[in-house]
Amino acid sequence: MEMVMFLVLFFVNLSVTFGGKYQYFQTAVSWHEAQDRCESQGTFLARVDEMIEHVRIQRMKQFINMEFWIGLRLANSNYQWTDTTTAVFTAWGQDQPNSQSQCVKYRPSDMMWETYNCSASLFFLCENGAASNGKAITSQVAVTGLSMGFGVMFGVMLLIVALLQMPCCRTNSMVALSSFGVGRRDW
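Here goes a summary of the coordinates provided. (Residues numbered from 1 in each chain as written. Predicted model: local features only at pLDDT ≥ 70, side-chain atom pairs only at ≥ 80, totals over all residues. Heavy atoms only, no water.)

**Here's the deal with the overall build of the chain**
Logical step 1: Each helix and strand counted, the chain has five helices and nine strands in total.
Logical step 2: Listing every helix and strand of the chain by position from the N terminus yields α-β-β-α-β-α-β-β-β-β-β-β-α-α.
Logical step 3: Put simply, the chain has 187 residues, and 39% of those count as buried.
Logical step 4: Taking contacts inside the chain between residues at least 6 apart in sequence as the whole, the part at least 24 apart equals 68%.
Logical step 5: Carbon together with sulfur atoms contributes 56% to the accessible area of the chain, which is approximately 10,700 Å² in total. (Helix = DSSP H or I, 4+ residues; strand = E, 2+ residues; numbered from the N terminus. Buried < 20%, exposed > 50% of the residue type's maximum accessible area, 1.4 Å probe, protein only. Contact = heavy atoms within 4.5 Å. Areas by Shrake-Rupley, 256 points an atom, 1.4 Å probe, with all protein chains shown as cover.)

Here it is in C-alpha cells:
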C-alpha cells in the first residue's frame, strides 16, 4: 500500500486529502502563495492549535516526505496564524525558532516545526475549517480528482511493466499472466 501511494504521489502532481480535514499540495510555492492558494479553495494554511492536531499531522509522515508550509509566521514580534491570532501551542524542533526566518514549516525528519525563508518554494498543507475536528486520520487516504484516477492507472501500469522487465519477476509473472492469455506465444 505504501509503495502504491508513493508511486501515485510521485507520478501525479495533485493534492491528497487526509481525513477530510487536511489537504496536502505537492506544488512548491512561497509561503504567501501557499496562503493565497488555500484561500482560493475556501481553506487556509494548516493551523496547529493543540497537541491532538500536531499528532494528526505527524501521522501523515508515512505519506509525506517533503517539508511543507503551515499557516504560522512571525509578525509583530509574535508567531501568529494567518488569522493574526498568536500561537499558544508550539511544536518547535531543536534549536528553533530561528530569528533569521519568519515563516514556519514542518520538517519531515521528525515532523517538528522549523522557521524558514518565506520566499522559499515548499509544498503546503491546507486545512478545511468546516471539517470535523474529531475526524481521525487513517492510513486510508482519500485521493481526489478524476485525473488522479488516470494517474493511478498509469502508475500501476508502469509498475507492472517494470516488474515484468526484472529477471527475478519475469518468469513467475509471465507464467501467471499467460494463464489468462497475456503474453502467450503459441507459434
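**A look at the side chain of Ser101**
Logical step 1: Residue placement: Ser101 occurs in the loop between strand E5 (78-81) and strand E6 (103-107).
Logical step 2: By relative accessible area, Ser101 is classed as buried at 13%.
Logical step 3: Once residues lying within four places of it in the same chain are set aside, the contact partners of Ser101 are Tyr79, Thr115, Tyr116 and Asn117.

**What about the state of the cysteines?**
Logical step 1: Summed over all chains, the structure comprises two disulfides.
Logical step 2: Two residues, Cys38 and Cys126, share a disulfide whose sulfurs are 1.8 Å apart. One disulfide, between Cys38 and Cys126, carries an S-S torsion of -85 degrees and so falls in the left-handed class. Remark: Cys126 occurs in strand E8 (residues 122-127) and Cys38 occurs in helix H2 (residues 31-40); sequence separation between them is 88 residues.
Logical step 3: Residue classification places Cys38 among the buried positions, given a relative accessible area of 0%.
Logical step 4: Given a relative accessible area of 1%, Cys126 falls into the buried group.
Logical step 5: Between the sulfur of Cys103 and that of Cys118 lies a disulfide, 1.9 Å long from S to S. Residues Cys103 and Cys118 share a disulfide whose torsion about the S-S bond is about 100 degrees; that sign makes it right-handed. Within this pair, whereas Cys103 is found in strand E6, its partner Cys118 is found in the loop between strand E7 (112-116) and E8, the two being separated by 15 residues in sequence.
Logical step 6: Counting only the cysteines that take part in disulfides, in the order they occur along the chain, gives the pairing 1-4, 2-3. (Disulfide = S-S within 2.5 Å.)

**Quick look at the pattern of salt bridges**
Logical step 1: Using the criterion set out here, one finds nine salt bridges in the structure.
Logical step 2: Notably, a salt bridge pairs Lys21 with Glu127, separated by 3.0 Å at the nearest N-O pair. With Lys21 in the loop between strand E1 (15-18) and strand E2 (22-29) and Glu127 in strand E8, this residue pair connects regions lying 106 residues apart in the sequence. For the residue pair Lys21 and Glu127, the accessibility class agrees, reading buried in each case.
Logical step 3: For the salt bridge of Lys105 with Glu67, the shortest nitrogen-to-oxygen distance reads 2.4 Å. Of this pair, Lys105 sits in strand E6 while Glu67 sits in the loop between helix H3 (51-58) and strand E4 (68-75), and the two are 38 residues apart along the sequence.
Logical step 4: One salt-bridge network, in which partners are shared between bridges, spans Glu67, Lys105, Arg107, Asp110 and Glu114. (Salt bridge = Lys/Arg side-chain N within 4 Å of Asp/Glu carboxyl O.)

**Concerning the nonpolar core**
Logical step 1: Of all hydrophobic cores here, the largest spans 22 residues; its most connected members are Ile57, Phe68, Ile70, Leu72, Tyr106, Trp113 and Leu125.
Logical step 2: Of all the secondary-structure elements, those providing two or more residues to this core are E2, E4, E5, E6 and E8.
Logical step 3: The element that contributes the greatest number of residues to this core is E4, accounting for three residues.
Logical step 4: Among residues more than four places away in sequence, those in contact with Ile70 are Trp31, Leu45, Ala46, Trp81, Val104, Tyr106 and Trp113.
Logical step 5: Counting residues in hydrophobic clusters, the runner-up holds 13 residues, among them Cys38, Cys103, Leu122 and Cys126. (Core = buried A, V, L, I, M, F, W, Y, C linked by side-chain atoms within 4.5 Å.)

**Considerations on unusual backbone geometry**
Logical step 1: Backbone torsion omega between Gln96 and Pro97 reads 0 degrees, so that peptide bond is classified as cis.
Logical step 2: Positive phi outside glycine occurs at Asn76, with the angle close to 55 degrees.
Logical step 3: Tracing the backbone through its elements, the reader meets Asn76 in the loop between E4 and E5.
Logical step 4: A positive phi angle, close to 65 degrees, is found at Ser77, a residue other than glycine.
Logical step 5: Classification of Ser77 as exposed rests on a relative accessible area of 70%.

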